[in-house]
Amino acid sequence: MIPVLEPLLGEDELNNVIEAVKSSWISSQGKFIGEFEEGFADYHQVKHAIATSNGTTALHLALKSLGIGKGDEVIVPTLTFAATANAVLYCNAEPVFVDSHPEYWCMDPDNLEDKVNSRTKAIIPVHLYGHPCDMDPIMDVAEDHHLYVVEDAAEAHGALYKGKKVGTFGDISCYSFYGNKIITTGEGGMCITSDETLESKMRILRDHGMNTNRRYWHDVIGFNYRMTNLQAAIGVAQLQKLDQFIAKKRENASYYHRMLKDLRDDGLISLHPEMPWAKCVYWIYCILIEDEFNLKRDGIINELMKKGIDTRPFFYPITIMKPYKKVSLPHAEELSRKGLSLPSSLNLDFEDISKITDALKKVR
Ligand SMILES: *Cc1c(COP(=O)(O)O)cnc(C)c1O
């Protein structure tokens, strides 16, 4: 059985966890938390990093620190993991959904300005499946209309837009370290920013809204969104390997590109894009099953599963699901219908990927 994504953990992670346990600092104080935050901020060359309990709480914390609340609108792509939109709803604000760019799947900046009105407060670009958003036009719209930008980089640690790391464009950027993300802490998240005021707001909101000079005194209603030292212990070890992990993701993507080229040339599939201005980190390698393929996407999922190969369909557009506002966004709907994520764990090699691509060719 080839799972779709599994973490790669080694001796360093284990030794750090042992050290944390032996130190008895297993809750949300201890040396690994500061070390992980500092390392993550340095990696992105930003001033501050605030570790959180998961990627969803990171997004909620970011929006709260920006004062997003009732009556506000926040622009989000419809093709993303539900947490992006849920974080807006947790603030009692309204997510306003935009369609995907058909070529590289992230939010289409051409549709952005139409969605802006006097209630719009922020945009959340999501760097989907490891590919960066087209940040220049997004930042232009944000600047023109005085909107905050919160990057959701949960799937794109270390990806580059025009040579600059994603996560360094917005006012705040959010990451996830869930077990299947590019680096993991089991559950975990991070907010990064270079704004001191936002940093201090996030630190206070993360810790029950408690006044930092007066214990048990609360000036605001906060949350417990802290990361534990045990999680950070794993994170410190994972962060050291991030660039190596990205190189491996890209190497495996190049194997997929090569082995699937003939299916692409026959017009049966489209390959995971990488725009000329992008360095994609291929969190999970994806293809589109075009209508010319003799089997539909879900049929292919079943056939591959019979051969011990686990795959995933794309996310559903948020705007077709019951709890959310219904809007028709055709590019996202088409991508969601055709999209298939292939096994992308870091321990896969050329042989594994040949096996997967051979199986896909045989279902034809
Ligand atoms: C994983 C993910 C999140 C949420 O992260 P959790 O750590 O699972 O809470 C948010 N946004 C996107 C795009 C994600 O892929």
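Scoring rules and cut-offs
Residues numbered from 1 in each chain as written. Predicted model: local features only at pLDDT ≥ 70, side-chain atom pairs only at ≥ 80, totals over all residues. Heavy atoms only, no water. 1 Å grid on protein atoms, 1.4 Å probe; cavity = no way out; pocket = protein on both sides within 12 Å on 5 of 7 lines; lining within 4 Å. Points joined across faces, edges and corners; volume = space filled by probe spheres on them. Helix = DSSP H or I, 4+ residues; strand = E, 2+ residues; numbered from the N terminus. Nonpolar A, V, L, I, M, F, W, Y, C, P; charged D, E, K, R; others polar. Domains from an automatic or database assignment. Near = heavy atom within 4 Å. Polar contact = N/O pair within 3.5 Å; in protein donor to acceptor, adjacent residues only side chain to side chain. Areas by Shrake-Rupley, 256 points an atom, 1.4 Å probe, with all protein chains shown as cover. Sits in = over half its atoms within 2 Å of the grid points. Buried < 20%, exposed > 50% of the residue type's maximum accessible area, 1.4 Å probe, protein only. Pairing = 2+ DSSP bridges. Right-handed = clockwise from strand over helix to strand, strands pointing away. Contact = heavy atoms within 4.5 Å. Buried area = accessible area lost by both parts, 1.4 Å probe. Axes fitted to C-alpha atoms, helices over the stretch in contact; angles between N-to-C directions.

## Digging into the layout of surface pockets
Logical step 1: Considered as a void within the structure, the largest pocket measures approximately 550 Å³ in volume.
Logical step 2: Every element with two or more residues in the lining of the largest pocket is listed here: helix H3 (55–65), helix H4 (83–90), strand E8 (172–176) and strand E13 (312–313).
Logical step 3: For the lining of the largest pocket, the class distribution of residues is 16 nonpolar, eight polar and five charged.
Logical step 4: Two domains each put at least three residues into the lining of the largest pocket: domain 1 (11–98 + 105–242) and domain 2 (243–362).
Logical step 5: Volume-wise, the second largest pocket comes out at about 350 Å³.
Logical step 6: For the second largest pocket, the lining is made up of 15 residues, of which Arg203, Arg206, Asp207, Arg215 and Arg226 are closest to its centre.
Logical step 7: Secondary-structure elements contributing two or more residues to the lining of the second largest pocket are helix H2 (31–44) and helix H6 (196–206).

## Overview of the site of the ligand
Logical step 1: In the vicinity of the ligand lie 15 residues, with Gly55, Thr56, Glu155, Ser176 and Lys181 positioned nearest.
Logical step 2: Within the backbone of Gly55, a nitrogen or oxygen atom sits 2.8 Å from an oxygen atom of the ligand.
Logical step 3: In the model, a nitrogen atom of the ligand is placed 2.8 Å from a nitrogen or oxygen of the Asp152 side chain.
Logical step 4: Expressed as a share of its isolated accessible area of 380 Å², the protein-covered part of the ligand is 93%.
Logical step 5: Counting atoms within 2 Å of the grid points, the majority share of the ligand lands in the largest pocket.
Logical step 6: Per element, the largest residue contribution to the shell around the ligand is three residues, and it comes from H3.
Logical step 7: Residue classes in the shell around the ligand are distributed as five nonpolar, seven polar and three charged.

## Concerning the pairing of strand E3 (residues 94–98)
Logical step 1: Counted residue by residue, E3 has four buried out of five residues, so it is predominantly covered.
Logical step 2: Relative to E3, strand E2 (residues 73–77) runs parallel, the two being bridged by five bridges. Residue pairing for E3: Glu73 is matched across the bridge by Glu94.
Logical step 3: One crossover worth recording links E2 to the parallel E3 by way of H4, and it is right-handed.

## Details of the environment of Ile318
Logical step 1: Mapped onto the fold, Ile318 is located in the loop between E13 and helix H10 (330–338).
Logical step 2: Considering only alpha carbons, one finds Ile318 and Ala122, 196 residues apart in sequence, at a separation of 18 Å.

## Some words on the domain arrangement of the protein
Logical step 1: Each assigned domain of the protein is listed here: domain 1 (11–98 + 105–242) and domain 2 (243–362).
Logical step 2: Just the C-alpha atoms count here: the centres of domain 1 and domain 2 sit 26 Å apart.
Logical step 3: If you look at the interface, domain 1 gives 35 residues, while domain 2 gives 34 residues.
Logical step 4: Together, the buried faces of domain 1 and domain 2 total about 3,100 Å²; carbon and sulfur atoms form 70% of this surface.
Logical step 5: Considering only the surface of domain 1 that becomes buried against domain 2, Trp105, Tyr129 and His131 emerge as the three largest contributors, covering 28% of it.
Logical step 6: At the boundary of domain 1 and domain 2, one finds 18 residue pairs in polar contact (both at pLDDT 80 or more).
Logical step 7: Of all the secondary structure elements, the ones that give two or more residues to the side of domain 1 that touches domain 2 are H4, E3 and strand E6 (160–161).
Logical step 8: Each residue belonging to the side of domain 1 that touches domain 2 can be placed in one class, and the counts come to 20 nonpolar, nine polar and six charged.

## A few points about the sheet that holds strand E10 (residues 269–270)
Logical step 1: In space, the four strands of this open sheet follow the order E10-E12-E14-E13, with antiparallel pairing throughout. One side of each edge strand has no neighbouring strand; the edge strands of this open sheet are E10 and E13.
Logical step 2: When E13 meets strand E14 (residues 339–341), the two strands line up antiparallel, connected through two bridges. Bridge assignment links Arg312 to a residue of E14, and that residue is Ser341.
Logical step 3: Those strands touched by H10 are strand E12 (286–289) and E14, and its axis lies near 50 degrees from that of E14.

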